[in-house]
Amino acid sequence: MNTRAFITGVSGSELSAEEREFIRSERPWGFILFKRNIETPSQVASLVIELRKEIGDPEAPVLIDQEGGRVQRLSPPHWPAYPAGAVFGVLYDIDPTLGLTAARLSARLIAADLIETGVTVDCLPLADVPVAGADAVIGNRAYGTEPGKVAAIARAVTEGLEQGGVLPVLKHIPGHGRATADSHLRLPTVDTPREELERTDFAAFQPLADLPMAMTAHVVFSALDPAQPATTSATIIRQVIRGVIGFQGLLMSDDVSMNALAGTIAERTRAIVNAGCDMVLHCNGKLDEMRDVARETPELTGEALERAKRALASRHQPQPLDRQAARAELDALINRVGTA
C-alpha cells in the first residue's frame, strides 16, 4: 500500500488516539518535529518509534529543522547549542578551509544528535543569498552574500550530515534571500530581473542540484511568474527549479499552513500538487488541517515516487565520530570568529 505525498507534524510530545488513527488511515510519507514535540532525548526517541509504528514502516523519514543559531528544535539543556550559519561565513572569509571545516563539523555533530533520537532528515543546508534591505527571516541563518561561497559552505554542511547518516533538505529553492517579508506572515514579492536572479540567487543552488531533497520558497518572483509564489508556480518549478538550477531530487513545499499562501488549506494543497511539487509539507499539528491536506494529496506514484525512493536510498550508515574531539575542534574554530 502506497503512502500519500505529504509530510505531517503532530500536536504534542505524545500521539493522541485521533492522530494514531489519522496516521494509520491516511499514511503520510513522513513526519516533521517541532519544539512542541520535544521534551527529553528518551521522549523524542519514543515518539519517533511510535510514529513509525503507526505507519508500519521502521524506516519512514522523520524530519526536523536543526540548523543551529535561532533555528534549533533540539536545544539546551538536553542538546548542545550550535552556531548560526553566518559564523561559518565569517570563518570562510578568514580562511576558506576554516569555514568549510567548521560547517562540516557542526553538521556532523548535529547528525549525531539526530540519529540518537531516530530522526533521519534535517532541513538543512540553506542556499539563500540575502541582500541589503531583505527581511531578517533569513538573516544570520545564511552563509554569506556571494553565491559561490554560499554553495561551498552548503556543500560542507551536506557532507557533515551525510557522514552522520542524516539526509539533507536543500532550502529554500530557488531562493528566499531577497524576500522583504517573512513568508510565515505574508507573501513576499521579489521584482529583481531574471538575469540578476540567475547570476546570484539561482547560482547558489546550481552546484547543489544533486542533493536528494529540496524545499521550496513561498516567494513571488515577478519576472518569472507575477501571480504565484515559487511553491505553487508550475512555471518556476519547471523552468527554474528543474530547468535553470537543474534540481532533479524530491521537491517538497515549505509549510502549507504559512500565511504567504492564499486560500483554504485544501486549496493550497491542490495548488502545490498541481504546480509540480512532489510532496506537501504541513507543520502545525492541527488535525482538521491535516485531514484537509490528506484529502487533497494523491498517493505517491510515478516520478515523484521514484525520486522519493532515490532520496531515501541515498542515506548511509553513520561514520565513526569522536564527539568530544569534534566538539573541541568546532569550539576552537568558533573562537577564531571572536578574535578576528
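Residues numbered from 1 in each chain as written. Predicted model: local features only at pLDDT ≥ 70, side-chain atom pairs only at ≥ 80, totals over all residues. Heavy atoms only, no water.

Participant: Provide a residue-level description of the overall build of the protein chain, including the pertinent values.
Facilitator: Helix and strand counts for the protein chain stand at 12 helices and 13 strands. Computed over C-alpha atoms, the radius of gyration of the protein chain comes to 19 Å, within 12% of the 20 Å expected from 2.2 N^0.38 for 340 residues, which places it in the range of a compact globule. C-alpha extents for the protein chain along the principal axes are approximately 55 × 50 × 30 Å. Looking at the 340 residues of the protein chain, the share that counts as buried comes to 57%. The long-range share in the protein chain, meaning contacts at least 24 apart out of those at least 6 apart in sequence, stands at 77%. Just so you have it, the protein chain exposes about 13,100 Å², and 50% of that area is on carbon and sulfur atoms. Charged side chains of the protein chain number 34 positive and 44 negative; the gap between the two group centres comes to 1 Å. (Helix = DSSP H or I, 4+ residues; strand = E, 2+ residues; numbered from the N terminus. Rg over C-alpha atoms; globule rule 2.2 N^0.38 Å. Buried < 20%, exposed > 50% of the residue type's maximum accessible area, 1.4 Å probe, protein only. Contact = heavy atoms within 4.5 Å. Areas by Shrake-Rupley, 256 points an atom, 1.4 Å probe, with all protein chains shown as cover. Lys, Arg positive; Asp, Glu negative; His and termini not counted. Charge placed at Lys NZ, Arg CZ, Asp CG, Glu CD.)

Participant: Provide a residue-level description of the sheet that holds strand β13 (residues 279–282), including the pertinent values.
Facilitator: Taken in spatial order, the nine strands make up an open sheet running β7-β6-β3-β2-β1-β13-β12-β10-β8, and their pairing is parallel. The open sheet has two edge strands with one neighbour each: β7 (167–168) and β8 (170–173). Running at roughly 155° to strand β1 (residues 4–8), helix α1 (residues 17–26) makes contact with β1 and β2 (28–33) of the sheet. Helix α2 (residues 41–55) rests against β2 and β3 (62–64) of the sheet, and its axis sits at about 165° to β2. (Pairing = 2+ DSSP bridges. Axes fitted to C-alpha atoms, helices over the stretch in contact; angles between N-to-C directions.)

Participant: Quick rundown of the packing of aromatic side chains? Include the residues and the values.
Facilitator: In the structure shown here, the tally under the stated rule is two aromatic pairs. Between Phe 6 and Phe 22, the ring centres sit 6.1 Å apart and the planes meet at 65°, which makes this aromatic pair edge-to-face. Of this pair, Phe 6 sits in strand β1 while Phe 22 sits in helix α1, and the two are 16 residues apart along the sequence. Like Phe 22, Phe 6 is buried. Taking 6.2 Å as the distance between ring centres and 70° as the angle between the ring planes, the aromatic pair formed by Phe 202 and Phe 221 counts as edge-to-face. Note that Phe 202 is positioned in helix α7 (residues 201–205) and Phe 221 in strand β11 (residues 220–221), a separation of 19 residues in sequence. Each member of the pair Phe 202 and Phe 221 is classed as buried. (Phe/Tyr/Trp six-rings, centres within 6.5 Å; stacked < 30°, edge-to-face > 60°.)

Participant: Tell me about the pattern of salt bridges, and please be specific about residues and values.
Facilitator: Applying the stated rule across the entire model yields 26 salt bridges. Where Arg 327 meets Asp 331, a salt bridge forms, and the shortest distance between an N and an O atom there is 3.0 Å. Remark: Asp 331 and Arg 327 occur in helix α12 (residues 323–339); sequence separation between them is four residues, near one turn of the helix. Residue Asp 331 is classed as partly exposed on the basis of its relative accessible area of 31%. The structure contains a network of salt bridges with shared partners spanning Arg 20, Glu 21, Arg 24, Glu 50 and Glu 54. (Salt bridge = Lys/Arg side-chain N within 4 Å of Asp/Glu carboxyl O.)

Participant: Can you tell me about α1, naming the residues and giving the values?
Facilitator: Regarding α1, the residues found buried are Glu 19, Phe 22 and Ile 23. One face of α1 carries all of its buried residues, which in axial projection span an arc of 95°. Structurally, α1 contributes buried residues whose contacts are with β1, β2, α2 and α10 (287–296). (Arc of directions from axis to C-beta.)

Participant: Account for helix α5 (residues 147–163), with residues named and values stated.
Facilitator: Note: α-helices contain 3.6 residues per turn, so residues at a spacing of three or four share the same orientation. Compared with the 24 Å implied by 1.5 Å per residue over 17 residues, the 24 Å span of α5 between its first and last C-alpha is a close match. Those residues of α5 not exposed but buried are Pro 147, Lys 149, Val 150, Ala 151, Ile 153, Ala 154, Ala 156, Val 157, Thr 158, Gly 160 and Leu 161. Its side-chain oxygen placed 2.9 Å from the backbone nitrogen of Gly 148, Glu 146 serves as the N-cap of α5. Within two residues after α5, Gly 165 carries a phi angle of roughly 80°, on the positive side. (Expected span 1.5 Å × (residues − 1). Polar contact = N/O pair within 3.5 Å; in protein donor to acceptor, adjacent residues only side chain to side chain.)

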